[in-house]
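# Architecture at a glance
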Amino acid sequence: MGEHLALDIGGVLAAVFLAAVLVFVVISVRRWLFERGGGTVECSLRTFPKNGDPGVWRLGIGRYKGDELHWHRVFGFRSRPRQVIHRRGLIVSNRRRPEDTEAPALVPDAGIIEVRDGDLIVELAMGAAALTGFLAWLEAAPPGFPVDISTS
């Protein structure tokens, strides 16, 4: 009886281990597929719901696709973006350094930028180079594109 129990526990542990490895492989392949086309940056995001209280910082990958920034969670399975930020009509309303309580959740040397896209208000946290690239992407909008970069 004890031998069969040991085999059952071993089988369950092996199945759990294989499932964990499979999840890791799927997430890694998904990230590789996003990054192989270029135009991606590591970018944390948090939204501001209607009540104004900021949400939690979520680690993700920003991917530039024409006039949109598609944001995907790093640890996810969806191929569709969780958030789409349109360059047309975008307002950059604030730029700041992370507070001491925020810094551990963000990439090192992160800068935070508050972005408004209609009713959507989000904060994006990126490294210095990625933030410079984001601002350059905004400024490179075609003529007639209403983009407001009035950071405080």
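First things first, this report covers the structure right here in the doc. (Residues numbered from 1 in each chain as written. Predicted model: local features only at pLDDT ≥ 70, side-chain atom pairs only at ≥ 80, totals over all residues. Heavy atoms only, no water.)

### A closer look at the pairing of strand β6 (residues 111-117)
Here β6 lies mainly inside the structure; six of its seven residues are buried. Across five bridges, strand β5 (residues 91-96) lies against β6 in antiparallel orientation. Within β6, the position partnered with Arg-96 by the bridge is Ile-112. Pairing between β6 and strand β7 (residues 120-126): seven bridges, direction antiparallel. (Buried < 20%, exposed > 50% of the residue type's maximum accessible area, 1.4 Å probe, protein only. Helix = DSSP H or I, 4+ residues; strand = E, 2+ residues; numbered from the N terminus. Pairing = 2+ DSSP bridges.)

### Considering the pairing of strand β4 (residues 83-86)
Burial along β4 is one-sided: Gln-83 and Ile-85 are buried, and none of Val-84 and His-86, which face the opposite way, are. Of the pairings in the sheet, the one linking strand β3 (residues 68-73) to β4 comprises four bridges and is antiparallel in character. Of the residues in β4, the one forming a bridge with Leu-69 is Ile-85.

### So, the pattern of salt bridges
Here the structure, examined in full by the defined rule, presents six salt bridges. In this structure, the salt-bridge partner of Glu-123 is Arg-46, at a minimum N-O distance of 2.8 Å. With Glu-123 in strand β7 and Arg-46 in strand β1 (residues 40-47), this pair connects stretches of sequence that are 77 residues apart. An identical accessibility class is assigned to Glu-123 and Arg-46; each is buried. Between Asp-67 and Arg-87 there is a salt bridge; the shortest N-O distance is 2.4 Å. With Asp-67 in the loop between β2 (58-65) and β3 and Arg-87 in the loop between β4 and β5, this residue pair connects regions lying 20 residues apart in the sequence. On the accessibility criterion, Asp-67 (31% relative accessible area) is partly exposed. Connected via shared salt-bridge partners are Arg-46, Arg-96, Glu-102 and Glu-123. (Salt bridge = Lys/Arg side-chain N within 4 Å of Asp/Glu carboxyl O.)

Function cannot be read off these values alone, since they describe shape.
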